[in-house]
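So the chains spell out like this:
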Amino acid sequence: MFEVVVYFCSMANTEDQFKRVISHAKEYGYVFQSSDIYDGLSAVYDYAQNGVELKKNIRDYWWKAMVQLNDNIVGIDSAIFMHPTTWKASGHVDAFNDPLIDNKDSKKRYRADVLVEDYCLKIEAKINKEVLKATKRFGENFNKEEFLATNQRVLAYQEKINSILKRLGQSLEKEDLHDVKQLIEELDISDPLSGSKNWTDVKQFNLMFGTKLGASSDSAMDLFLRPETAQGIFVNFSNIQKTGRMKIPFGIAQTGKAFRNEIVARQFIFRMREFEQMEMQFFIKPGTQQHWYQYWKEARMKWHLSLGMQPENYRFHDHEKLAHYADAASDIEFDFPFGFKELEGIHSRTDFDLKAHEEFSGKKLQFFDHEENKSYVPYVLETSIGLDRMFLAVFSKALQVEELENNTTRTVLKLPAVLAPTKAAVFPLIKRDGLPELARGIVDELKWDFNVIYDEKDAVGKRYRRQDAVGTPFCITVDHETLENNTVTIRQRDSMSQKRVNVKDLKAIISEEVDVKHWLKKI
Ligand code: GAP
């Protein structure tokens, strides 16, 4: 059969592509709406048989890079329920708010800052349009960087974006919600659904979910579901430092669920109400935060790039508006199907958290520095990435449509092989002559090292397509020659190239492509 790629139709950053990502995730057993049979629960999702493997592989890839490969970083798994004072100390009770605005006509509620940011994205789209026009006009001679730096129209657009975002950042920082509303009115922003400009005032809304601990309603204690995993690390700082005999600088990492009552939650698994974070708090000597801030920005970007997705998919966005705990912060943004958005945050958190927990708990959270012969409250550098967001980043970039030589297309999920849920599918060419037994024997051998599956349904070409769509990096076909010389055909998902190899070499061939070591060594 023909399997030659003629050209690759990269799917543009469109709403269509995003819809396609969502339906592909459902069709191929990656992500389902939670409680689907009851018509779902908004912004809550379940990971299906393939999704759970992809998610686990991303989590492992992060854990290996952060914990296993750094002898000064250890992991923990703290509880979701925490003493309620934790959230008073962390500032979440008073300051973990979103600025919301309602439209009086449509009765829809929006995040005021997101309305302004979306307005800026529209201006950014105009810049991209200018770039596209110029690319067509100048062809090979086009220099994008020079164009962006000199074209007057582009510069004016960029200047407008900068000044809007600066004002938004300043108003939010000063809690000047009146000015945020004024900005929305000055920019003539309308309700994206109804077009109405009839807005209420902007108000703050706390994002934490409350719950109760205890049997009777009178004695029950009010608790919150944790909105970040970080506080579980801070409250364990002393326990870990002492029992692990950790010396500064050192880190504590954890992955786990976090909960936020997101108001604007309609971007699939990008913004969920129940999601998973992978966070690392790095405890450092006060005064060294600039060094470690740069260090972790670079280290985390290298981790992303090690997965082989193109560098132009990532950019840093340094914050104008800092969270209540930070003295510097930057996001690693990713080019999602709906444009560049935050994927990971790198925050210089100062000694805010440990100091606050000292104050509220009355316990010392300090480190005795033998070199300096004194105790101090360490500063903290945090890296915080959403596992679900990383899933969406990887999944949406991997989903591609290719046109083949025989005028057909194939849908292929080019997941980095290290992350793919299933590493190989084994097929008997036909369902007789002892080929199924041989194929099952190969599955039984390989399954000790990799997730592998057996498939005998339909013609081999159709089975290839099925595995391409689900993202399996290798297909192994057992045929009559296997009976004679113990060789099989192994086909590579991305290149579709096939070669004949001995069954005993399969493990080494697959390992070469899927082993974490092979990928993380690029860091
Ligand atoms: N401890 C710091 C912290 O939680 P954050 O910027 O609020 O910082 C960190 O969150 C990361 O968690 C984000 O970069 C994003 O990847 C992920 N995240 C935050 N809210 C999310 C949500 N509602 N749904 C999915 N992921 C979310």
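Bear in mind that the values here come from a model prediction, so they are computed numbers and not experimental data.

(A) Fine view of the overall build of the chain. Scanning the chain for helices and strands turns up 18 helices and 24 strands. Taken over C-alpha atoms, the radius of gyration comes to 26 Å for the chain, in line with the 24 Å a tight globule of 523 residues would show. Summarising its shape, the C-alpha atoms of the chain cover approximately 75 × 60 × 55 Å along the three principal directions. For the chain, buried positions account for 51% of its 523 residues.

(B) View of the packing of aromatic side chains. Overall, the coordinates contain 27 aromatic pairs when judged by the stated rule. Relative to W303, the ring of Y61 has its centre 5.6 Å away and its plane inclined at 45°; by these criteria the two rings are tilted. You can see Y61 sitting in helix α2 (residues 49–68) and its partner W303 sitting in helix α11 (residues 289–305), a full 242 residues away along the chain. For the pair Y61 and W303, a shared accessibility class is recorded, and that class is buried. Cluster of aromatic residues (ring-pair linked, three or more members): F18, Y45, F268, F270, Y314, F334, F336 and F338. Looking at R389, its charged tip hangs above the ring of F270, at a distance of 3.8 Å from the centre.

(C) Layout of the side chain of N70. Mapped onto the elements of the fold, N70 is located in the loop between α2 and β4 (73–75). Here the side chain of N70 touches M66 through a polar contact of 3.0 Å, landing on its backbone oxygen.

(D) Just the confidence of the model for the chain, in detail. Looking at the chain, the pLDDT average stands at 93 and 97% of residues meet or exceed 70. The model gives residues 1–12 a pLDDT under 50, and that stretch makes 36 contacts with residues more than four places away or in other chains.

(E) Representation of the nonpolar core. Formed by 82 residues in total, the largest nonpolar core has its most connected members in Y30, V31, I269, W296, F391, L392 and I476. Considering each element in turn, this core owes the most residues, 8 residues, to helix α13 (residues 387–398). Mapped onto the domain boundaries, this core takes at least three residues apiece from domain 1 (5–96 + 207–397) and domain 3 (422–520). Excluding anything up to four places from it in sequence, W296 contacts M66, N70, I73, M280, F282, I346, L381 and T383. Listed in part, the 25 residues of the second largest apolar core include L115, I127, L177 and I189.

(F) Geometry of a nonpolar patch on the surface. Taken together, F81, L213 and M221 make up a surface patch of nonpolar side chains, about 270 Å² in accessible area. With respect to the element layout, M221 can be found in strand β9 (residues 221–224).

(G) Local environment of the domain arrangement of the chain. Segmentation of the chain into domains returns domain 1 (5–96 + 207–397), domain 2 (101–206) and domain 3 (422–520). Between the C-alpha centres of domain 1 and domain 3 the distance comes to 37 Å. Listed per partner, the contact involves 14 residues of domain 1 and 10 residues of domain 3. Interface of domain 1 and domain 3: buried area, both sides summed, is about 960 Å²; carbon and sulfur atoms make up 63% of it. In this assembly, domain 1 and domain 3 are joined by 3 residue pairs in polar contact (both at pLDDT 80 or more). Looking at which element gives the most residues to the side of domain 1 that touches domain 3, the answer is α2, with 6 residues. In the side of domain 1 that touches domain 3, the residues fall into 8 nonpolar, 4 polar and 2 charged.

(H) A look at the site of the ligand. Around the ligand lies a shell of 22 residues, among which E228, R260, M272, E279 and E342 are the nearest. The contact in question runs from a nitrogen atom of the ligand to an N or O atom on the side chain of E382, over 2.8 Å. The protein chains hide 93% of the 550 Å² of surface that the ligand would expose on its own. Elements with a minimum of two residues in the shell around the ligand: β11 (274–284), β14 (339–350) and β17 (379–386). Class assignment of the residues belonging to the shell around the ligand gives a composition of 7 nonpolar, 5 polar and 10 charged.

(I) Representation of the environment of H304 within the structure. Within the element layout of this structure, H304 appears in helix α11. On the basis of relative accessible area, H304 is assigned to the buried category, the value being 0%. In this structure the C-alpha to C-alpha distance between H304 and V394, which are 90 residues apart in sequence, comes to 10.0 Å.

(J) Broad picture of the pattern of salt bridges. A complete count under the given rule lists 46 salt bridges for this structure. Residue D388 is joined to K55 by a salt bridge in which the shortest nitrogen-to-oxygen separation is 4.0 Å. Placement of D388 in helix α13 and of K55 in helix α2 is noted, with a sequence separation of 333 residues between them. Overall, the relative accessible area of 3% leaves D388 in the buried class. Exposure remark for K55: the relative accessible area of 8% places this residue in the buried category. The salt bridge involving D505 is made with K504; its shortest N-O contact spans 3.9 Å. Connected through shared salt-bridge partners, E402, R410, K414, R465, D468 and R491 make up one network.

(K) The sheet that holds strand β22 (residues 474–478), seen in detail. Pairing in this open sheet of 5 strands is mixed, and the strands run β21-β20-β22-β23-β24 from one edge to the other. A single partner strand is all that each edge strand has here, and the edge strands are β21 (452–454) and β24 (498–502). Adjacent strand axes in the sheet meet at a mean angle of 25° when their direction is disregarded. With 5 bridges joining them, strand β23 (residues 487–492) and β24 adopt antiparallel strand pairing. In the sheet register, R491 faces β24, and the bridge partner there is Q498.

(L) Layout of the pairing of strand β5 (residues 97–102). In this sheet, strand β7 (residues 203–206) lies alongside β5 in antiparallel orientation, the contact comprising 4 bridges. Looking at β7, one finds that L100 is bridged to K203. Hairpin remark: β5 followed by strand β6 (residues 109–111), antiparallel, with 6 residues in the connecting loop; positive phi at K107, about 65°.

(M) How the structure looks around helix α17 (residues 506–514). If you check which residues of α17 are buried, you get L506, I509, I510, S511 and V514. The inward-facing, buried residues of α17 contact β20 (424–428), α14 (435–446), β22, β23, β24 and α18 (516–520).

(N) Expanded view of the packing of helix α5 (residues 112–138) against helix α7 (residues 152–173). Two elements in contact, α5 and α7, have axes separated by 10 Å at closest approach and are oriented at 165°. In terms of orientation, α5 and α7 fall into the roughly antiparallel class. At the point where α5 passes α7, the crossing takes the left-handed sense. On α7, the residues that touch D113, V116, E117, Y119, C120, I123, E124, K126, I127, E130 and K133 of α5 are R153, V154, Y157, Q158, K160, I161, I164, L165, L168 and L172. Counted by class, the contact of α5 with α7 contains 12 nonpolar, 1 polar and 8 charged residues.

Quick notes on the rules
Residues numbered from 1 in each chain as written. Predicted model: local features only at pLDDT ≥ 70, side-chain atom pairs only at ≥ 80, totals over all residues. Heavy atoms only, no water. Helix = DSSP H or I, 4+ residues; strand = E, 2+ residues; numbered from the N terminus. Rg over C-alpha atoms; globule rule 2.2 N^0.38 Å. Buried < 20%, exposed > 50% of the residue type's maximum accessible area, 1.4 Å probe, protein only. Phe/Tyr/Trp six-rings, centres within 6.5 Å; stacked < 30°, edge-to-face > 60°. Lys NZ or Arg CZ within 6 Å of the ring centre and 35° of its normal. Polar contact = N/O pair within 3.5 Å; in protein donor to acceptor, adjacent residues only side chain to side chain. pLDDT = per-residue confidence, 0-100. Contact = heavy atoms within 4.5 Å. Core = buried A, V, L, I, M, F, W, Y, C linked by side-chain atoms within 4.5 Å. Domains from an automatic or database assignment. Patch = residues over 30% accessible without salt bridge, like charges linked within 9 Å, V, L, I, M, F, W, Y side chains within 5 Å. Areas by Shrake-Rupley, 256 points an atom, 1.4 Å probe, with all protein chains shown as cover. Salt bridge = Lys/Arg side-chain N within 4 Å of Asp/Glu carboxyl O. Buried area = accessible area lost by both parts, 1.4 Å probe. Nonpolar A, V, L, I, M, F, W, Y, C, P; charged D, E, K, R; others polar. Near = heavy atom within 4 Å. Pairing = 2+ DSSP bridges. Axes fitted to C-alpha atoms, helices over the stretch in contact; angles between N-to-C directions. Parallel < 35°, antiparallel > 145°, perpendicular 65-115°, else oblique. Left-handed = near helix turned anticlockwise from the far one by under 90°.

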